[in-house]
Amino acid sequence: MAQSNGDHSSAAKPPPTPSPLRFSKFFQSNMRILVTGGAGFIGSHLVDKLMENEKNEVIVADNYFTGSKDNLKKWIGHPRFELIRHDVTEPLLVEVDQIYHLACPASPIFYKYNPVKTIKTNVIGTLNMLGLAKRVGARILLTSTSEVYGDPLIHPQEESYWGNVNPIGVRSCYDEGKRVAETLMFDYHRQHGIEIRIARIFNTYGPRMNIDDGRVVSNFIAQALRNEPLTVQAPGTQTRSFCYVSDMVDGLIKLMEGENTGPINIGNPGEFTMIELAENVKELINPKVEIKMVENTPDDPRQRKPDISKARELLKWEPKIKLKDGLPLMEEDFRLRLGVPRNN
Ligand SMILES: NC(=O)c1ccc[n+]([C@@H]2O[C@H](COP(=O)([O-])OP(=O)(O)OC[C@H]3O[C@@H](n4cnc5c(N)ncnc54)[C@H](O)[C@@H]3O)[C@@H](O)[C@H]2O)c1
Ligand SMILES: O=c1ccn([C@@H]2O[C@H](COP(=O)(O)OP(=O)(O)O[C@H]3OC[C@@H](O)[C@H](O)[C@H]3O)[C@@H](O)[C@H]2O)c(=O)[nH]1
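Residues numbered from 1 in each chain as written. Chains lettered and ligands numbered in written order. Predicted model: local features only at pLDDT ≥ 70, side-chain atom pairs only at ≥ 80, totals over all residues. Heavy atoms only, no water.

So, on to the overall build of the protein. Along the protein, the regular secondary structure elements total 9 helices and 13 strands. Computed over C-alpha atoms, the radius of gyration of the protein comes to 20 Å, within 12% of the 20 Å expected from 2.2 N^0.38 for 344 residues, which places it in the range of a compact globule. The C-alpha extent of the protein, read off along each of the three principal axes, is 65 × 50 × 40 Å. Counting the 344 residues in the protein, one finds 54% classified as buried. A fraction of 81% describes how many contacts in the protein between residues 6 or more apart in sequence connect residues 24 or more apart. For the protein, the accessible surface area stands at approximately 15,400 Å², while carbon and sulfur atoms represent 53% of it. For the protein, the centre of its 43 positive side-chain charges and the centre of its 43 negative side-chain charges are spaced 3 Å apart. (Helix = DSSP H or I, 4+ residues; strand = E, 2+ residues; numbered from the N terminus. Rg over C-alpha atoms; globule rule 2.2 N^0.38 Å. Buried < 20%, exposed > 50% of the residue type's maximum accessible area, 1.4 Å probe, protein only. Contact = heavy atoms within 4.5 Å. Areas by Shrake-Rupley, 256 points an atom, 1.4 Å probe, with all protein chains shown as cover. Lys, Arg positive; Asp, Glu negative; His and termini not counted. Charge placed at Lys NZ, Arg CZ, Asp CG, Glu CD.)

Set out below in structure tokens:
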């Protein structure tokens with residue numbers, strides 16, 4: 001059953017007065033934007049889009065755990081761009097107008113690698129970024145996740161659903177971490193009037209994903225190009241809905257620029273079983289490759305598909321790129337990075 005989330009738009013207090021430093025711009029930019037996790041997959045595409053606007057000055061803070069300077073190489077040295085090696089579990093002092101807070105490992109193998117660090121990143125990292133937002137009067141957007149719905153008992157998932165999450169499982173550092181991060185966002189909003197935005201991101205794919213990061217689309221494409229079996233984790237009937245990264249970035253910017261706090265689902269409602277995904281990749285990239293069933297990991301959600309009515313209505317956003325059109329764009333990037341030419 002869907003549950004009510006109450007009225008998210010009414011803040012108890014007016015927003016804090018921005019710091020006077022907010023108006024002392026280094027350049028003639030109108031907007032100084034901090035992107036935490038900006039050296040990662042989604043973050044670096046977001047930076048590309050934000051940098052297209054000459055009125056934006058972009059500061060990236062990243063500890064390079066799963067991200068890389070390479071993703072931002074075209075901006076290093078640009079007068080409107082700054083890259084800081086920084087871990088968000090430590091406070092950060094910068095003067096900005098907007099904060100896109102993405103810093104957090106997203107692939108299950110990485111977030112489970114050091115679960116204590118993952119939960120610290122989600123809780124202390126978000127607390128630090130909210131403290132920064134409060135001091136400088138910045139608007140802050142959190143990239144939350146479809147994992148807040150856990151192994152969902154309603155389908156598709158709408159924002160009013162409170163989720164079905166194991167609080168002590170191996171994924172909890174991430175999904176409970178993001179749930180606490182959402183709570184902190186709303187507490188700062190109600191208690192201190194901070195302008196918040198929460199995006200619940202569903203599985204996103206595209207160029208620049210770490211080749212061996214363990215997520216399903218990157219795994220299957222890399223396996224197909226290396227002539228290795230596509231590893232479908234049992235039972236293979238579990239579903240996901242895959243959003244191409246440029247659609248995701250457009251949705252995040254619309255949410256930041258709009259008037260709604262969220263949480264708002266941002267994802268592509270096209271739903272596929274993992275067997276269907278493997279078949280699509282096989283047909284598209286390497287028809288000779290084998291599909292192999294392998295053991296799954298605990299608490300793997302059995303179904304996932306966003307209800308994006310809110311995004312359509314409130315943000316006037318919907319994804320444009322279908323899986324069959326997005327996979328070849330990612331294939332090109334993986335071929336280049338793996339050194340596998342098309343006629344191989
Ligand atoms: N890609 C998806 O399918 C998806 C789905 C739901 C939510 N999200 C969220 O979107 C955000 C970006 O995901 P992504 O796919 O680009 O992942 P990613 O792993 O490519 O990027 C995460 C970035 O955060 C950085 N980071 C991690 N911990 C940090 C810390 N303590 N301090 C500073 N930087 C740190 C990493 O080095 C990396 O550059 C994450 O918050 C993730 O939870 C992603
Ligand atoms: O090689 C693989 C990898 C994964 N899988 C399956 O593919 C599905 C998707 O797995 P992924 O690891 O790509 O991602 P998940 O959907 O489990 O988690 C993701 O959800 C949303 C985000 O917050 C994160 O990016 C990530 O946690 C799972 O059912 C998994 O069992 C395979 O069948 N084979």
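Continuing now.
A word on the sheet that holds strand β4 (residues 98-101). Reading across the sheet, the 7 strands line up as β3-β2-β1-β4-β5-β6-β11 and stay open at both edges, with parallel pairing between neighbours. The open sheet has two edge strands with one neighbour each: β3 (81-85) and β11 (264-266). The average angle at which neighbouring strand axes cross in this sheet is 20 degrees, direction not considered. Against the sheet, helix α6 (residues 245-257) contacts β4, β5 (139-145), β6 (196-201) and β11, and its axis sits at roughly 155 degrees relative to β6. (Pairing = 2+ DSSP bridges. Axes fitted to C-alpha atoms, helices over the stretch in contact; angles between N-to-C directions.)

This part covers the site of ligand 2. What surrounds ligand 2 is a group of 23 residues, the closest being E147, Y174, T231, Q233 and R240. With respect to ligand 2, the side chain of T145 contributes an N or O atom lying 2.6 Å from an oxygen atom. Side-chain polar atom of N203 to an oxygen atom of ligand 2: 2.8 Å apart, as the coordinates give it. For ligand 2, whose free accessible area comes to 660 Å², the fraction covered by protein is 95%. Broken down by class, the residue content of the shell around ligand 2 amounts to 8 nonpolar, 9 polar and 6 charged. (Near = heavy atom within 4 Å. Polar contact = N/O pair within 3.5 Å; in protein donor to acceptor, adjacent residues only side chain to side chain. Nonpolar A, V, L, I, M, F, W, Y, C, P; charged D, E, K, R; others polar.)

Take the side chain of D175 next. Relative to the elements of secondary structure, D175 occurs in helix α4 (residues 172-192). For the buried residue D175, which engages in no salt bridge, the nearest side chain bearing the opposite charge is R171, 4.8 Å off. Beyond its immediate sequence surroundings of up to four residues, D175 is in contact with E147, V148, V165 and N166. (Salt bridge = Lys/Arg side-chain N within 4 Å of Asp/Glu carboxyl O.)

Geometric values such as these leave the question of function open.
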